[in-house]
Structure formats: structure tokens, C-alpha cells
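# Inside the fold
Residues per chain, in single letters:
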Number of protein chains: 4
Amino acid sequence: MALKGILRPGFIQLRVLDMDEALTHYIDRVGLNEVSRSDDGRVFLKGWDEFDRHSFILREADQAGIDLMAFKVDSDASLNDFTRRLNAYGVATDEVPAGEQPGVGRRIGFTIPSGHRIELYADIEMSETHPAIENPMIWPVEPRGMKATRFDHALLYGPNLNEVLDLFTNVLDFSLAEYVDTPDGKLAIWLTVSNKAHDIAFVNHAEPGKFHHAAFFLESWNDVGHAADIMTHYNISRDVGPTRHGITRGQTIYFFDPSGNRNEVYAGGYTYYPDNPTRRWSADQVGRGIFYYEGELNEAFLSVVT
Amino acid sequence: MALKGILRPGFIQLRVLDMDEALTHYIDRVGLNEVSRSDDGRVFLKGWDEFDRHSFILREADQAGIDLMAFKVDSDASLNDFTRRLNAYGVATDEVPAGEQPGVGRRIGFTIPSGHRIELYADIEMSETHPAIENPMIWPVEPRGMKATRFDHALLYGPNLNEVLDLFTNVLDFSLAEYVDTPDGKLAIWLTVSNKAHDIAFVNHAEPGKFHHAAFFLESWNDVGHAADIMTHYNISRDVGPTRHGITRGQTIYFFDPSGNRNEVYAGGYTYYPDNPTRRWSADQVGRGIFYYEGELNEAFLSVVT
Amino acid sequence: MALKGILRPGFIQLRVLDMDEALTHYIDRVGLNEVSRSDDGRVFLKGWDEFDRHSFILREADQAGIDLMAFKVDSDASLNDFTRRLNAYGVATDEVPAGEQPGVGRRIGFTIPSGHRIELYADIEMSETHPAIENPMIWPVEPRGMKATRFDHALLYGPNLNEVLDLFTNVLDFSLAEYVDTPDGKLAIWLTVSNKAHDIAFVNHAEPGKFHHAAFFLESWNDVGHAADIMTHYNISRDVGPTRHGITRGQTIYFFDPSGNRNEVYAGGYTYYPDNPTRRWSADQVGRGIFYYEGELNEAFLSVVT
Amino acid sequence: MALKGILRPGFIQLRVLDMDEALTHYIDRVGLNEVSRSDDGRVFLKGWDEFDRHSFILREADQAGIDLMAFKVDSDASLNDFTRRLNAYGVATDEVPAGEQPGVGRRIGFTIPSGHRIELYADIEMSETHPAIENPMIWPVEPRGMKATRFDHALLYGPNLNEVLDLFTNVLDFSLAEYVDTPDGKLAIWLTVSNKAHDIAFVNHAEPGKFHHAAFFLESWNDVGHAADIMTHYNISRDVGPTRHGITRGQTIYFFDPSGNRNEVYAGGYTYYPDNPTRRWSADQVGRGIFYYEGELNEAFLSVVT
């Protein structure tokens, strides 16, 4: 294979204030499928177009936000290799034993300079409701609600973006697809480990470990419009959109789950290759970079995080 | 970077019977941009969303068809490595010196068991009209005609599919995304070296070196419909579509250039990862695999090639 | 009001061979809603975006086909006026008393020269699930299946098209939007009583009273593609499409209900005004007129009717 | 014919501060076609899908805004009839002789209680570039820019909405499709004379004769998104959108011409019939009625007019 090492965002674990409300939101409205619940109360979900057992995990807690984001690597050998490279770089790692999440093998965890916990793992069971392999139909069953196909990426807020960038590009083999350049340094960075325009992104923020949004991939601008119809119909709190990002070119809506965690539905985006030049946004154009049609940031973009 | 070795289909060179007619077709209707013409009469073209200098080459000749398809690799070291692996596998390679195509470095060429010439290269100049890097707009100028964004993939016809498959997966690091399984062996294979559902595909065919189609990527099903409007308006010969492939899930139209070379406009398609299982189509379902809505092959699919 | 007399296709009554299969088709797949069942076994349905109580009626019988198509007129005075004009023109009318269909007032029925029964009525109850009137949402509930918004029009086959045209334009105040002109006379006529490109159409056919298709309106070309996905998923017999009509410009799929009655999903179509010139299609261009992309009729178009 | 009396918005005449800038905007960006220029400097434009000679008129002046909006009626007899009804109602009319606009017959003009000049006319030449009548293609030439198909409707601001409503419904035969109901009376009314959800609308405003926007019809939500891409690309001042109206259900962007006149691109919208109930919006829901996704008015909506 030609895609090696870290393959994709594997799963994210978010904290929600009320699990029942959260499940109505993510299952009935966003369109994820429930996979299982663990004894400690976590609920495991996935999009209809994902082969892996789960990709989105909810945990009830007193405060919303992110527990961790994990990436799937291509092999156990890669997992060992990344562990060595992280340790050699000076990043301490711990190991979560296989089975802590149902169907998931051992995970290597570490804290990045922005204050977030990142994990890597090589093994996860295939979903019982994965896309068909023998003479597949387009979808196993008609998608529901906003028709989320997969957990696509996350945007995290925290300090030390230069260190985060160095770690992701030099140790974890990500590429810097785009960044916002200001006189005070990089305001934001978009990182990819694939042909997607981004797999994870960061915005500079004083408080570490904060969560801006988790994005679900939709198939088209039409589905983005349909998602907006659903948001108004069910009185889901919308932040901004339907609009487009200049950065990544994705078509988008930001909205909130009942606990205040921001979600995104995202369609399109260009095809990235590692020999593409990094795209640079100057401080005076960042508004158009984030919200291509509005040409300016809304107040919430830089301030509302969980 | 995490995408290593062969990155993508870099360019394809097709033979056309009348260059002026071909340029009207590919520039005014398909929407490619002309880059340059060489002294030997070749014309170099590209899609608006490609960074490389060119991706589509036309050569006037007495017979339509394909001269070669070339893949861009990530580095000169990879180029040397693939050369060694090809030779060790028993495939003879030749070297085309830098500059044989304007702006392109040395190329390693070889003939695969289906009778097609494949080339690899590591260096190509960046296009003068590449997508912007500083505060980019969505497109440099409004796309034209069918709004082709890039040369996306090709489907080739020839014998010895098992050998082709072995070469592409074991020497060139491609993955087999899907195949059609018949009692007489594999009828067709879809190979990818990226997150695209396919970068090149082959159908079993007695005569070697034949060309089925070159595909141009469009952004949406709406653009596919718009392309169909353009085909009728300008009396472009259409083969089939708008329809959808069960294989890759792409939304599609097959049509012909004035020389009889088949083109495709293609949108959508799933996101592939190398740990996805290979999808298998049985002989009795191949019709739905190729043309999801029609459920059967049209007569031209297996017989009309150049 | 400025739209006077006949307002729209009000309902159509079709015969089906198996009611359960028919209801699965029209409710679960096409997306109509069931309104009620009468003691004689008829089932009354409607699209989600219709105010009237019902618009689509199924009756179980030994043979598929059409019982009648009815138009809603703006007032009882208009109903009397049309009755007088029909009788004066030499068309015999009968009256179906109020209540023969639940919630529908008296209907005036007559046979047109193509052998079809047409009815007019002024009164029908408003649906209990009509689009909201107070602070309406876009839809009352998320549309289902192919997301049919309404019964839109029908195409009927029968003889005596000149007489049908004269009756519809001179007595019933329709306009001729388009027609196919052949050396043997009009092959087909598209008639409208509104801003829609057609409300009813006829194709010349030796056998009287035949049914070609009933069409359901969809909101977009994207919904047409989604409908095609549903057809393949549920193994619904498809005739042709997704494609486009040159005539009316509508985007379309023809398919069949389990009894063999042809359905259409239809989106787009131009906005017609009665001062628009009638569009004429010559015999050699009728293929493009019916199927704009294919440029020729398929065999079923002129021969398969119920 | 069944559509009688007033058929449609025929043309609107706007004042612009700089004709060259205005023409770049309306022709190159919005996609209208120039028809002719008159000796007094007016420029006559039309959308590609209109049969009439022109539908959009620009006049250079010191102040932006609206000169007049005119409706086409079905016949000279209707023109006389409306004149009689207006006069009997107490509205003074004047007559603009045939030829004052090139290709347009005599026009009956009057001032409505909101302070706007409205005209009626029965005769206008057919455009030389009208949609084809013999074996028509979907479009005469590929649409350009935002691909405006026609001048669709206008929203006007002024006082005396009750009187305006009475005049339009009782004298001019319009229907009230929707209105915003507040404790202080009707804030806004949407009036239709066709199957369109609105042909003209009014918002209550102290100053008479003000102009809120003229709308151009697009074919789809995809074209609305494309229009937004064009606005950012060419730095066109955008007011709000892409979004949707709860009222009419249209998909929309508000933006400004270089003189500050607001434009709208508008797609979709429900099919109206005169027997539909009038939809009522309460004061607390007007935000969602105007901007369905945002759920609230932006500051400009009620204040920025020309």
C-alpha cells in the first residue's frame, strides 16, 4: 500500500451533559448509528459509510468537551515505530490495553503541546453493519437525518501551535495543508495525513485542551442544505452556515449539540497531495479563509469552545 | 508525509485523428486549459485544479488510442527504488530523458502484461496557472464547459489481468479496491494508490494495449447533469449516462471525443483506505456494478475501445 | 384571483393488481402518505406538499391502468360553466354525487375522444396533514423515500389527438405548450392550464384509454438521483433515466409500479405563460424531445402502456 | 387560457449611479443579456429564459432606487378593463404611449399607496434571442455568471400596506400568499398572480417609494452556491445568504449592485394556487420566516433600502 503509517482519524470521545439528549441529536438528527454501550456508560457510534466498529464515542460528564482523539495506523509495527519516534522526540506515551474500548486493540496515548490527548491504535474490529463487500449497494440502508457518512476531522483549540505543528509533521508524518499567518505567528494550522484537505486542525488559544468542533462528512452541497432544514425543523442551535470555507474549500454548517459541543457538517474540499504547496492566509484575509462568503469571522468562532 | 511512493495519475497521452477538433472538444467543451504545444505537434493540457504543469497530452496520429499513462512519484529516490523493484521483478525499464516533455524530469517507462506503456516520474514544473497559494479563491477563473477539475483515472483493456494485478499490488504498491469475479477469472480490476476509489482500472480483453476511457473529475452530480446538457447542445457523442457506478459509487457519463476515444466525467466515489476489504462483484451482478441504475452492461462497454 | 377555471390536476385513480405491493411501492418508496381506505377497497394517498385531502387513488383490479383523471376547478360556478360548455360542444357529461370519494364534492365526468374519463370538481376537504399555515416549517415531517411532493401530471395514450386538443384548448381553457409534428399529424401534445410546462399530455395511439405514466414532482436533480438510488436498492423496475426531457426541460426517471403502471419522478421544467409561443418538435427530433440526452426513443416509450 | 389578466412581472426600471459598473455587474456577474440602449441612456436587459424583448432596465441617475415596476397583462382588452377598475376604485391612471420603451406598446401607469409607480401593458415584442421554439435546446447559449434565468419579483418598502393589499387583491386580482402579522398590523405581504409563491412583496416602511430588492430566478440550490462563489470572487457586496426563506421556501442570497440596490438570487419556492390558504407569520417568528436558518432578521433587512 502507498498510504502508510497513520491512516485516518479513527475515533473521537466527547463529553456530554445528558446522554439521552445527546443520542437523539447524534442518532436521529445527525444520522449516526448506535453500535453499543459499555458498562461505564459510554455510547459508541459510527457513520453508515465506515468499516470500523465505531468512530464517535460519547461520555456523560459534568462538563462538555473532548476526552481524546485517536488515529488508526496501518499496522502494529507502525504503532511500535510511532511510539519509538514519540519517545525519542521527548513525548511520553502510555498504553491503554486492548479491550478498554470494545473491539479495539491496544492504544498508545500521549499529550500534545496544545494540551490534548491523542491516541494511536492499529486494531479495531470491523463493524457488523459495514458497507457491503459482496455486490454492494450504494448504502446498506437509506441514510437518515443529516445523512452523516463518517466522522471526518476535528478542530482543536490550544497553545503552542509551533510545537504542535512540529510534532505532527516531523514525528507523525502529517503535512501542513494550510495555515493562517499573523504578525504574532501562526493563528491556525490545517494538517492532513491523506488526500483529504485536513484530518485535524488547530487554532491558537490560551487555554489548553479545548474543543472547537467535530465534523461529519456529507456527500454534497444539497445535503448541506438539507441538514440546515433539519436544524431549523428540530430547533438545533446553529452557529454559522450554510457557507463555504476558503480554507479546504469545504461547504459547511457549524452547529451545536445539546451540551454545547460544536459540530460541523462538511462536504467537498479539495484533493490534497503531499507535494502540494502549503497555502498561506494572511491575517487580513483570515475572515474569507474561514467563511468564504461572509468574509469575516463571527464572534463565536474564536471564543466559543468546550 | 504519509502518502509515499506513487502519488497519483500524472498524465496520459492520447492519439487523436484531428488536433483542431480535439482541442475544441477538450478545451471548449470538457473545460481543460491549453498549456503549450511542442515542436512535434503534441499539445499539453491541464484541468483548472491541478498544480502540475500538464496532465493530458494529445498527439495527432492515424489511429486513436493511448500512447502511455504516467504516474507521479514522491521523489527521485522512489523513482530509483521502483526501477530496482521492477527490474528485480523481471520487468525491463527504459529511461526517457528530462525535457522530452516540457517541464518534466526523467521518466522510467515499461510495458505491463496488458500491453500498455506505463511511466513513472518524480519531477514536473508547477503550472503557471496553478490554484492560488496565497489567500486562494475557490478557483483562479470561473471554470468553463463541463468544468473538468483534473485528469482523474483511466480504464485500460488488455490481457493477463492476474499478472497486471500482481505487478501493480506487489511492485507498485497499489491496492485492489474492487474486482469482478467470473468463473473464468477476473473480468475487471480497480486499483488505487490513494484515498480515491480508483486511480487506474483494467478490463480483461484479448487484444493488448487498448484504451477504454480517460476520466475527468467533476465536483457534483449537478455538474454531471450540466455536462450532459453540454453534450447534447454541441452534439457530442454520448455512450451512457448520466448514471452511477455501483463500483466506486461514482456518478458518471461516458462519451466520445471526435476521434472516438471514450471520455468520462466522474463525480463522487467513496473514500478508500488501504485497510478496507476488497469489494467483490459476481458475474451475474456485473451489470449493476458498472451501471448501477441500468443493472446491465450496454453493448459498447465490452467492445468499443481505441 | 388571476388563475381561473381549471386550477390543477386534482387526482388520478389507477388500477393495481395487488394492493399491498402497490402500497409498499407508493408509500415506502415513492413517499406518498396514506390518507384513508374506503369500504370498496380503494386507498387514498397524497404527497406531503398538497393541501387537498388526497390526490392519488388506487383500486385493486384484474388489469392495471387508469380509471380516471380529475381536475380541480376554482368554484362551483366554474363547474357549472364547464358543464354547459362541454354539453354545448357536444360532450355528454354525468355527475358523480358528493361523497362518492370521501371529502370530495360532486364531480362532472365525461369521456374525451382519446377514450379517457376526465372529471371536474370544485370542492375537496383540506388534508389533515396539509403544509402548515401558521409559521410553517419547510415540511411538516421529513419527506421519505423518493420524497414525492405532489401528483404532478399524467401522460395518456389514445386516438383522435386533434379532437382532444380542440376540446382541451377551446372548452377547458388549456394551452398547447409543445407538440410533436409529423407528416401524419400530431404524434403528441403537452397541455397546461397553469405556469407548469404541462398538466396533462397525450400521445397518439390506436387503442383508446391507455395510460403511459403518472408523474410525481421532486424538488431537484439531486432528488432525481436519490430516487434512482432507491430504485436500484429496492429492485424497482426502471424504464429510463435519470435523464432530461427536451420537451418541458424536466429532469426525469420513468419506472414501474409492481402492477406495471409507469411512474415518473420529475423535477425542474420551465415556467410557462399563456402568451408563450407553442414549441414544435419535428419528427426527426422527437427522440431528443423526449429523451434529451439519449436523442432517441427507447422501444418501450411508444409501446408499453397499461 | 386559464391564466387571465395580469400574467407576470414584466420589467422593472432601476436607477444606478454609474452605468458601466452596473453593466459589468448585471451582465458579466448576474448573467443578464444586453438588448439595446436608448438615446436617453437607458439600457435594456433580459434573462436568457425570457421570451419578451426586455425585463430589466437601468437608468443612470444621482440616486439609486426604483423608477417603476410593470406587469404584463394578457390582452389590450384586459388593459382597458384594469384601467376602468382602477379609476372606479379611485386610482388615477396615466398612459405612456407605445414606443416610449423600444418594442413596448402603450402602458397604463399609476401610483400605489406605498408610493411606488406601477405600470401595466399588453404588448411587447418577442426577444430576438428568445428560447427556441423549433426543436429547442435547453438553453440558446450556455448561461453565464450567476446564470440568472429571468427577472422574478421585487420587494418594495413603503407605507399603507392595508391599502396596497386591498388594491392588489381587489382591483388587480392578486392573491395574498403570506403575511407577517404584528400587533401593529401587517409588517409585510407577499402577493402572487400566478403559481409562483410571490410576484411582488411589500414591507411596511415610513418612507414611501423605497426599493428593497429585485430577484433573479436560478434553477437550483447548486446555482445559488455557485452565485455565492462568484460574489466572493468578484468582491460583490453580499447582504445575507446562502440561506432559505421560511416564507415562500425560496433558497436565496441577498447582495448589492455597485450603486447599492439590493439584488436577490432565488431558487425553488413552492407552487402556489389561489385556493391555498394564506400563510400567517406571527411577529415572534418573523425572523425564521425571512431567514429560515438564521431565525432572526439581520440589521440591514429592515433598514437598508434605496
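Residues numbered from 1 in each chain as written. Chains lettered and ligands numbered in written order. Predicted model: local features only at pLDDT ≥ 70, side-chain atom pairs only at ≥ 80, totals over all residues. Heavy atoms only, no water.

Going by the annotation in an unreviewed UniProt entry, the name recorded for chain A is Metapyrocatechase, with Rhodobium orientis given as the source organism. UniProt lists a comment for chain A under the heading Catalytic activity (unreviewed entry), and it reads "catechol + O2 = (2Z,4E)-2-hydroxy-6-oxohexa-2,4-dienoate + H(+)". Database annotation for chain A, UniProt heading Subunit (unreviewed entry): "Homotetramer." (UniProt positions renumbered as here; feature names shortened; annotations may be inferred.)

## Regarding the sheet that holds strand 15 (residues 250–256) of chain B
All names here are of chain B. Taken in spatial order, the nine strands line up as 14-15-16-13-9-12-11-10-17 in an open sheet, and their pairing is mixed. Looking at strand neighbours, the two that pair on one side only are strand 14 (238–244) and strand 17 (279–282), the edges of this open sheet. Averaged over all adjacent pairs, the angle separating strand axes in this sheet is 15°, with direction ignored. Packing against the sheet, helix 4 (residues 221–233) makes contact with strand 14, strand 15 and strand 16 (262–268), and its axis sits at approximately 15° to strand 15. (Pairing = 2+ DSSP bridges. Helix = DSSP H or I, 4+ residues; strand = E, 2+ residues; numbered from the N terminus. Axes fitted to C-alpha atoms, helices over the stretch in contact; angles between N-to-C directions. Contact = heavy atoms within 4.5 Å.)

## Describing the relation of the copies chain C and chain A
Its rotation angle being 180°, the transformation that places chain C on chain A also includes 0.0 Å of axial translation and leaves an RMSD of 0.0 Å. Such a combination of rotation and displacement between the chain copies is what one expects of a two-fold axis. Ranked by how close their C-alpha atoms come to the rotation axis, the residues of chain C are headed by N222 of chain C, at 3.6 Å. Take the interface residues of chain C: 100% of them recur as interface residues in chain A, which is what a same-surface contact looks like. (Least-squares fit on C-alpha atoms with pLDDT ≥ 70 in both.)

## Overview of the interface of chain C and chain A
Taken together, the contacts link 15 residues of chain C with 15 residues of chain A. Taking both partners together, chain C and chain A bury about 1,300 Å²; carbon and sulfur atoms supply 54% of that area. Broken down residue by residue, the surface that chain C buries against chain A is led by W139, E142 and H233 of chain C, which jointly contribute 43%. Summed over the shared surface of chain C and chain A, the result is zero salt bridges. Between the two partners, chain C and chain A, sit six residue pairs in polar contact (both at pLDDT 80 or more). Classifying every residue of the side of chain C that touches chain A by side-chain character gives seven nonpolar, six polar and two charged. (Buried area = accessible area lost by both parts, 1.4 Å probe. Salt bridge = Lys/Arg side-chain N within 4 Å of Asp/Glu carboxyl O. Polar contact = N/O pair within 3.5 Å; in protein donor to acceptor, adjacent residues only side chain to side chain. Nonpolar A, V, L, I, M, F, W, Y, C, P; charged D, E, K, R; others polar.)

## Examining the packing of aromatic side chains
Applying the stated criterion across every chain, the model contains 58 aromatic pairs over all chains. With a centroid separation of 5.9 Å and an interplanar angle of 75°, the aromatic rings of Y254 of chain C and F291 of chain C are classed as edge-to-face. Residue Y254 of chain C is located in strand 15 (residues 250–256), and its partner F291 of chain C is located in the loop between helix 5 (286–290) and helix 6 (299–303); the two are separated by 37 residues in the primary sequence. Y254 of chain C gets classed as buried once you look at its relative accessible area, which sits at 3%. Look at F291 of chain C and you get buried, because its relative accessible area is 0%. With a centroid separation of 6.3 Å and an interplanar angle of 45°, the aromatic rings of F217 of chain D and Y266 of chain D are classed as tilted. Pair noted here: F217 of chain D is in strand 13 (residues 210–217) and Y266 of chain D is in strand 16 (residues 262–268), with a separation of 49 residues, a long-range link. Residue F217 of chain D shares its accessibility class with Y266 of chain D, and that shared class is buried. Three or more aromatic residues link up through ring pairs in this structure, and these residues are Y26, F56, F151 and F216 of chain A. In this structure, R150 of chain C packs its charged tip against the face of F217 of chain C, placed 4.2 Å from the ring centre. (Phe/Tyr/Trp six-rings, centres within 6.5 Å; stacked < 30°, edge-to-face > 60°. Buried < 20%, exposed > 50% of the residue type's maximum accessible area, 1.4 Å probe, protein only. Lys NZ or Arg CZ within 6 Å of the ring centre and 35° of its normal.)

## Observations regarding the interface of chain A and chain B
How large an interface is tends to be reported as the accessible area lost when its parts come together. Each side of the interface is counted separately: chain A has 47 residues, and chain B has 47 residues. Of all residues in chain A, the largest losses of buried area upon contact with chain B belong to N135, I138 and Y273 of chain A, amounting jointly to 15% of the total for that side. At the boundary of chain A and chain B, one finds eight salt bridges. Counting across the chain A and chain B interface gives 29 residue pairs in polar contact (both at pLDDT 80 or more). Elements represented by at least two residues in the side of chain A that touches chain B include exactly strand 1 (6–16) and strand 17 (279–282) of chain A. If one sorts the elements of the side of chain A that touches chain B by residue count, strand 17 of chain A sits on top with four residues.

## Some details on the relation of the copies chain A and chain B
With an RMSD of 0.0 Å, the operation that places chain A on chain B is a rotation of 180° combined with a shift of 0.0 Å along the axis. In this assembly, 100% of the residues forming the interface of chain A have copies in chain B that are likewise at the interface, indicating an isologous arrangement.

## Examining the pairing of strand 9 (residues 150–158) of chain A
Residues and elements named next belong to chain A. Burial within strand 9 is extensive, with nine of its nine residues counted as buried. As paired strands, strand 9 and strand 13 (residues 210–217) are joined by seven bridges and run antiparallel to one another. The partner of L155 across the bridge, within strand 13, is H213. Sheet topology note: the strand 9/strand 12 (residues 200–204) ladder contains five bridges and is parallel. Following the sheet pairing, A154 is matched in strand 12 by I200.

## Section: a negative patch on the surface
On the surface, a cluster of negative charge is contributed by D18, D20, E21, E60 and D62 of chain A. Tracing the backbone shows D18 of chain A in the loop between strand 1 and helix 1 (19–29). (Patch = residues over 30% accessible without salt bridge, like charges linked within 9 Å, V, L, I, M, F, W, Y side chains within 5 Å. Areas by Shrake-Rupley, 256 points an atom, 1.4 Å probe, with all protein chains shown as cover. Lys, Arg positive; Asp, Glu negative; His and termini not counted. Charge placed at Lys NZ, Arg CZ, Asp CG, Glu CD.)

## Thoughts on the side chain of H212 of chain D
For H212 of chain D, the position within the fold is in strand 13. Leaving out residues up to four positions away in the same chain, H212 of chain D has contacts with L155, L156, Y157, Y254, R262, F301, V304 and V305 of chain D.

## As for helix 4 (residues 221–233) of chain C
All names here are of chain C. The terminal C-alpha atoms of helix 4 lie 19 Å apart, and with 13 residues this matches the ideal 18 Å at 1.5 Å per residue to within 8%. For helix 4, a buried count of 13 out of 13 residues is recorded, marking the element as mostly surrounded by other parts of the structure. Of the residues flanking the start of helix 4, the one acting as N-cap is S220, its side-chain oxygen 3.3 Å from the backbone nitrogen of N222. At the C-terminal side of helix 4, N235 shows a positive phi close to 60°. (Expected span 1.5 Å × (residues − 1).)

## Remarks on the packing of helix 2 (residues 76–89) of chain A against helix 3 (residues 161–170) of chain A
All names here are of chain A. Between helix 2 and helix 3, whose axes approach to 11 Å, the crossing angle comes to 145°. Between helix 2 and helix 3 the crossing geometry is right-handed. Listed contacts from helix 3 to R85, L86 and Y89 of helix 2 are E163, D166, L167 and N170. Within the contact of helix 2 with helix 3, the residues separate by chemical class into three nonpolar, one polar and three charged. (Left-handed = near helix turned anticlockwise from the far one by under 90°.)

## Here we look at helix 1 (residues 19–29) of chain C
All names here are of chain C. Those residues of helix 1 lying buried are M19, A22, L23, H25, Y26, I27 and R29. A distance of 3.1 Å separates the backbone nitrogen of D20 from a side-chain oxygen at the start of helix 1, and that oxygen is part of D18. Looking one or two residues beyond helix 1, the residue adopting positive phi is G31, at roughly 100°.

## Let's talk about the environment of T24 of chain D
With respect to the helices and strands, the residue T24 of chain D is situated in helix 1 (residues 19–29). Taking the C-alpha atoms as reference points, T24 of chain D and P277 of chain D, 253 residues apart in sequence, are found 42 Å from one another.

## Section: the sheet that holds strand 11 (residues 185–192) of chain A
Residue and element names in this part refer to chain A. Spatial ordering of the open sheet is given by 14-15-16-13-9-12-11-10-17, a layout of nine strands whose pairing is mixed. Either end of the sheet is taken by a strand with one partner, and the two such strands are strand 14 (238–244) and strand 17. The mean inter-strand angle of the sheet, taken between neighbouring strand axes irrespective of direction, is 15°. Of the strand pairs in this sheet, strand 10 (residues 175–182) and strand 11 are connected by seven bridges, and their pairing is antiparallel. Within strand 11, the residue paired with Y179 across the bridge is I189. Set on the sheet, helix 3 makes contact with strand 9, strand 10, strand 11 and strand 12; between it and strand 11 the angle comes to about 25°.

## Things to note about the domain arrangement of chain A
Residues and elements named next belong to chain A. Domain annotation for chain A reports domain 1 (6–121) and domain 2 (150–303). Just the C-alpha atoms count here: the centres of domain 1 and domain 2 sit 19 Å apart. Taken together, the contacts link 41 residues of domain 1 with 42 residues of domain 2. When the two sides are added together, the surface that domain 1 and domain 2 hide from each other amounts to roughly 3,200 Å², 71% of it contributed by carbon and sulfur. On the domain 1 side of the interface with domain 2, the three residues burying the most area are R29, Y89 and P113, jointly 18% of the side's total. There are one salt bridge connecting domain 1 and domain 2. A salt bridge links R85 to D173; the shortest N-O distance between them is 2.9 Å. Inspection of the region where domain 1 meets domain 2 yields 15 residue pairs in polar contact (both at pLDDT 80 or more). Tallying contributions element by element places strand 1 first for the side of domain 1 that touches domain 2, with nine residues. (Domains from an automatic or database assignment.)

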